[in-house]
Amino acid sequence: MSEIGDWFRTIPLITRSWFAGSIVVPLIGKLGLINPMNLVLAPQLFFNKFHLWRPVTSTLYFPIYPNTGFLYLVNLYFLYHYSTRLETGAFDGRPADYVFMLTFNWLCIVIVGLLMDMQLLMIPLIMSVLYVWAQFNKDTIVSFWFGTRFKAHYLPWVILGFNFIIGGSFLNELIGNLVGHLYYFLMFKYPIDLGGRAFLSTPEFLYRLFPNRRGGVSGFGAPPTRRAAPQEQAGFGMGRYNWGQGFRLGGE
């Protein structure tokens, strides 16, 4: 247990908090401590009954059944793997900017979820983070199933297409990719590469709550860069599972 504790403490703070919440909340639902139906988004209850906690719990909750357990573990791995690499790579020393990215992506996904009557938002948020990581590491070579290798730039779309082929669902991945693209375009691509107006900036109060480390300055002047490893694994054990499919609660 001490080894697990030591490993857990090595996870950067923001990712550690998100990772822990994504374990605790599903376990609460699995153990029946709280009715899982009180953890999902349920737009009608959010608007009519003011269940304001649902946008948060629906992002952390995932139903753990015999046929969804592996899907949950794969997404938990993606959360740990890519969020850690963003927080310690592109956003290293800039926790306020990383919190802002997560908050912006989360708000966009919640709005889409409310409009589309979605219940679970874990996968779209994780995919949005994976998409941003892929943009910062476009030329990194990643390995996928069956020995396929390609640049990280294509990884979010390969995952979307792979899941569509094996399960016929790609909505969660598509929403996550589009939200990740929206953030990257508004924060970096449009104002820096295209010389347009800067529509997004990290609020000053976040810098007060999460001050930059190692003498960093507020905001990004250019897309953060990170020397990428020559090859990274895209994931594990995904070949036989519909690991991104959206579904509604109420049955196993």
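The structure presented is a predicted model; accordingly, all values stated were derived computationally and were not measured.

A. Local environment of the pattern of salt bridges. Enumeration over the complete set of coordinates arrives at two salt bridges. Of the charged contacts in the structure, one is a salt bridge between Arg9 and Asp6, with a shortest N-O distance of 2.6 Å. Remark: Asp6 and Arg9 occur in helix H1 (residues 2-10); sequence separation between them is three residues, near one turn of the helix. Residue Asp6 is classed as partly exposed on the basis of its relative accessible area, which comes to 43%. A salt bridge links Lys151 to Asp139; its shortest N-O distance comes to 3.5 Å. Of the two residues, Lys151 is situated in strand S2 (residues 149-151) and Asp139 in the loop between helix H7 (122-136) and strand S1 (141-143); the sequence distance between them amounts to 12 residues. Here Lys151 falls in the partly exposed class, since its relative accessible area comes to 38%.

B. Structural context of unusual backbone geometry. One non-glycine residue with positive phi stands out, namely Ala42, at about 50°. Note that Ala42 resides in the loop between helix H2 (13-30) and helix H3 (43-48). Judged by its relative accessible area of 7%, Ala42 is buried. A positive phi angle, near 55°, is found at Asp117, a position not held by glycine. Within the element layout of this structure, Asp117 appears in the loop between helix H6 (95-115) and H7.

C. View of the packing of H2 against helix H5 (residues 69-88). Where H2 meets H5, the axes come as close as 9 Å, and the angle between the chain directions of the two elements is 165°. Relative to H5, the element H2 lies roughly antiparallel. Here the hand of the crossing between H2 and H5 comes out right-handed. Note on element contacts: H5 touches H2 through Tyr72, Leu76, Leu79, Tyr80, Ser83, Thr84 and Glu87, opposite Leu13, Ile14, Thr15, Trp18, Phe19, Ser22, Ile23 and Pro26. Grouping the constituent residues of the contact of H2 with H5 by class yields 10 nonpolar, four polar and one charged.

D. Fine view of the packing of aromatic side chains. On inspection of all chains with the given rule, the structure shows 20 aromatic pairs. When the centroid spacing of 6.1 Å and the interplanar angle of 50° are considered together, the rings of Phe104 and Tyr183 count as tilted. Remark: Tyr183 occurs in helix H9 (residues 171-193) and Phe104 occurs in helix H6; sequence separation between them is 79 residues. In this structure Phe104 comes out as buried when scored by relative accessible area, which is 14%. Through pairs of rings, three or more aromatic residues link up here, namely Phe91, Tyr98, Phe100, Phe104, Phe136, Tyr183, Tyr184 and Phe188.

E. Geometry of the UniProt feature "transmembrane region" (unreviewed entry) in the protein. Per the UniProt entry, the sites bearing "transmembrane region" (unreviewed entry) are residues 18-40, 60-80, 101-134 and 154-179 in this numbering. Annotated as 62% helix and 0% strand, the span residues 60-80 places its first and last C-alpha atoms 13 Å apart. Span residues 101-134 is 82% helix and 0% strand, its end C-alpha atoms 15 Å apart.

F. Fine view of the packing of H6 against H7. Across the interface, H6 lies against H7 with an axial gap of 10 Å and an inter-helix angle of 130°. The orientation of H6 relative to H7 falls into the category oblique. Considering the relative orientation of H6 and H7, their crossing is right-handed. Of H7, the residues touching H6 (which contributes Tyr98, Met101, Leu102, Asn105, Trp106 and Ile109) are Pro124, Leu125, Ser128, Val129 and Val132. A breakdown of the residues in the contact of H6 with H7 according to their chemical character gives nine nonpolar, two polar and no charged.

How each quantity is defined
- Residues numbered from 1 in each chain as written.
- Predicted model: local features only at pLDDT ≥ 70, side-chain atom pairs only at ≥ 80, totals over all residues.
- Heavy atoms only, no water.
- Salt bridge = Lys/Arg side-chain N within 4 Å of Asp/Glu carboxyl O.
- Helix = DSSP H or I, 4+ residues; strand = E, 2+ residues; numbered from the N terminus.
- Buried < 20%, exposed > 50% of the residue type's maximum accessible area, 1.4 Å probe, protein only.
- Axes fitted to C-alpha atoms, helices over the stretch in contact; angles between N-to-C directions.
- Parallel < 35°, antiparallel > 145°, perpendicular 65-115°, else oblique.
- Left-handed = near helix turned anticlockwise from the far one by under 90°.
- Contact = heavy atoms within 4.5 Å.
- Nonpolar A, V, L, I, M, F, W, Y, C, P; charged D, E, K, R; others polar.
- Phe/Tyr/Trp six-rings, centres within 6.5 Å; stacked < 30°, edge-to-face > 60°.
- UniProt positions renumbered as here; feature names shortened; annotations may be inferred.

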